[in-house]
Amino acid sequence: MNSRFSQLYTQTCGLVGYKERKFIRQALERFEEQYTRDKKGVLILSAPTGYGKSMITYALYLGSLRAGADWCRVIHVLPMTSIIQDFAENARRKLGGNLRAGDLAEQHHGAPGSPYFAKRFIVTTLDTFTLNLFKLPAVEVTKQLRYNTSHFELPRAMIYSSAVVFDEFHLFAPTETGESRMLTVAVSAIKALAEAGTPIIIITATMDNKLAELLKQKISPVASVVYAQYIPGEDQEWERANRKEISVIGQTQTPEKTALELAAQNKSVLIVANTVHTAIQLFQSLRTNSTAPDNLLLLHAKLNRNDRNTAMEKLNQTKEDGNKIKGGNIVVSTQLVEAGVDVSFDALITEVAPAQNIVQRAGRVARMGGHGELYYFAPKNSEDAYEEGIYDPQQTAACIITLEKLIDNYFDPQKLLGVQSSTYSVDPLLERILAEIEANPVFTAEDTARVYQTLCGILRESNIVMAYSESDFTAKSEVPLNDKQARRVISQTLRYVDGEGRMRDFTGNPWGDCLSLKLQHIGAKGVIYPEKW
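All values reported here derive from a predicted model rather than from experimental measurement. Just so you know, the residues in each chain are numbered from 1, in the order the chain's sequence is written. Thresholds applied to this predicted model are a pLDDT of at least 70 for local features of residues and 80 or more for the giving and counting of side-chain atom pairs; totals over whole chains, interfaces and linings are not thresholded and use all residues. As a rule here, side-chain values cover all heavy atoms of the structure and leave hydrogens and water aside.

A. Molecular detail of the sheet that holds strand E9 (residues 244-251). Taken in spatial order, the 6 strands make up an open sheet running E9-E14-E13-E10-E12-E11, and their pairing is parallel. Only two strands of the sheet have a single partner each, and these edge strands are E9 and strand E11 (296-299). With direction set aside, neighbouring strand axes in the sheet form an average angle of 20°. Should DSSP find at least two bridges between two strands, the strands are taken to pair. Secondary structure elements are defined from DSSP: runs of H or I of at least 4 residues count as helices, runs of E of at least 2 residues count as strands, and each element is numbered from the N terminus. Relative to strand E12 (residues 330-333), E11 is paired through 4 bridges, and the arrangement is parallel. From the neighbouring strand, leucine 297 faces E12, where its bridge partner is valine 331. As a rule, the C-alpha atoms of each element are fitted with a line to give its axis, helices using only the stretch in contact, and angles between N-to-C directions run from 0 to 180 degrees.

Structure below.
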């Protein structure tokens, strides 16, 4: 048995020149004690943004290279495709020569770095991970639906012989009340792996205690759970070095004007909108009124891969030491900046959202210490609010009231999170179905495919549909859409790309039953989006 998690962490920090964090080391010591005793277990770790939680994944990767390790690879699971590339690039940069050539792979829609999870260091999405675990390989969904065949045991074998890290877990559990399909699938996956002895680590900066209790309730019957929640004062050395004070200035009616005024004072500004539509509107207004349009940048999930790469390259070029964005620059983004993007700004202007989202966004201000400012603006209603799954209005309203009380004071994450009244629950029927599929050898990809077709997907209420430019059907123009967004796009173009990379006319009804299933049955690679949309 070679499960010295804390020792691996300490050694990895030394290798990459990173300061070891006391709280993380102590949490890993508690976890390894339990794992060594029971040969299985789960660690839930909640620690501040900028605390270096990703170093745990790097340590698990390096541990997989050692003779006698209890795992053969590490799989890092993220909630969104749009932040995978940034996480992977950070891993390459920080590990440097300690990362073996060819070991790190991004695996998700459009990035087949390791389709069956065979490489040593996998960065993937919850969608891809859970499809692979529950016997319907993500890269073979269309093949299974059309020809009833797939290699479903290959990725499962790779998963069970891995250490798995679920990052930004709060985004797997939407704050709306009621049963969450995404949370049900995530919990089912963790429970199955924990029971089998796969090392599981769940990390986030904003773990709701109610969510932690649900996880413990579901997992404890099959494996012990260690819950390590950072309490201010636990690591005074880090707090002194990273002491930050974010002043809550108040509400702004004109976020674009406020951003330009702050940029004129040589401050870097992050504007976070709740929808792509609002982000684009704000960015266009800034371009119209800015005297320095080259200092503006737009980030959102509908950027195709080529544009996203260009945007991330430009973002990296604006960084100073400590990943601080240079003064005078304004970045407009959606929630994708909440997770996995390692940057620091002088000021945040955020559309009001649930408490945990605001806390994550504020974590991008004065990230390595110092003073910052926080402004907020009222939620905007937009055409795509329904399509993008906008936040629960009750959670948003409660957040506005608390932010008003914090005006002229310093931002206090605990006060904001204290008003969050989320309830978390899983769908008992789906939970049972997944448990039966996972545990019984007689169930195959055919059974998972049947559930997939009935529900129009496993993880979400709608599947991811890839969209391509009219002039480029390659991965460079690829944009992931949900089912509702794809319906609107294909109803405009009435065209799709087939498996051979040819454009074809779509003759079905875009507004009928599950569009993603229709596309998979006809062998479509994705839909065509117009040049201007």
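B. Molecular detail of the state of the cysteines. Disulfide assignment relies on a single distance test, namely cysteine sulfur atoms paired within 2.5 Å. With the rule as written, the count across this model stands at 1 disulfide. In this model, cysteine 456 is linked to cysteine 514 through a disulfide, with the two sulfur atoms separated by 1.8 Å. Judged by the torsion about the S-S bond (65°), the cysteine 456/cysteine 514 disulfide is right-handed. Residue cysteine 456 is located in the loop between helix H18 (445-455) and strand E15 (465-469), and its partner cysteine 514 is located in the loop between strand E18 (503-505) and helix H20 (515-521); the two are separated by 58 residues in the primary sequence. Under the scheme applied here, a residue whose accessible area is under 20% of the maximum for its type counts as buried, over 50% as exposed, and between as partly exposed, the area being computed with a 1.4 Å probe on protein chains only. Since its relative accessible area comes to 10%, cysteine 456 is described here as buried. Given the relative accessible area of 14%, cysteine 514 is considered buried.

C. Up close: the layout of surface pockets. Here a cavity means grid points, on a 1 Å grid over the protein atoms only, where a 1.4 Å probe fits yet cannot get out; a pocket means an open set of points with protein on both sides within 12 Å along at least five of seven lines; lining residues are those with an atom within 4 Å of a point. Grid points are joined across faces, edges and corners, and a volume is the space filled by probe spheres set on the points. Size it by volume and the second largest pocket reaches roughly 1100 Å³. Considering the residues around the second largest pocket, the lining is formed by 35 residues, among which Pro48, Pro232, Asp412, Pro413 and Gln414 are closest to the centre. Classification convention: Asp, Glu, Lys, Arg as charged; Ala, Val, Leu, Ile, Met, Phe, Trp, Tyr, Cys, Pro as nonpolar; all other residues, Gly among them, as polar. The residue makeup of the lining of the second largest pocket, split by class, is 15 nonpolar, 11 polar and 9 charged.

D. Geometry of the packing of aromatic side chains. The pairing test for Phe, Tyr and Trp rings, Trp by its six-membered ring, is centres within 6.5 Å, and the orientation test on the planes gives stacked under 30 degrees, edge-to-face over 60, and tilted for anything in between. Enumeration over the complete set of coordinates arrives at 16 aromatic pairs. Ring geometry for tyrosine 58 and phenylalanine 87: centres 6.4 Å apart, planes at 50°, overall tilted. Placement of the pair is tyrosine 58 in helix H3 (residues 55-64) and phenylalanine 87 in helix H4 (residues 84-95), with a sequence separation of 29 residues. Since its relative accessible area comes to 1%, tyrosine 58 is described here as buried. Owing to a relative accessible area of 4%, phenylalanine 87 belongs among the buried residues under this scheme. Chaining the aromatic ring pairs together yields one cluster made of Phe117, Phe129, Phe166, Phe169 and Phe172. Lysine NZ or arginine CZ positioned within 6 Å of the ring centre and within 35 degrees of the ring normal marks a charge as sitting over the ring. Sitting over the ring of tyrosine 51, arginine 21 keeps its end group 5.9 Å from the ring centre.

E. Just the sheet that holds strand E6 (residues 162-167), in detail. A sheet is described by the order of its strands in space; here 8 strands give the open sequence E4-E3-E5-E2-E6-E7-E1-E8, paired in mixed fashion. In the strand order of this sheet, the two ends are held by strand E4 (111-112) and strand E8 (225-229), each with one partner. In this structure, strand E1 (residues 42-46) lies alongside E8, joined through 5 bridges in parallel fashion. Residue pairing across strands places serine 46 opposite glutamine 229, the latter belonging to E8.

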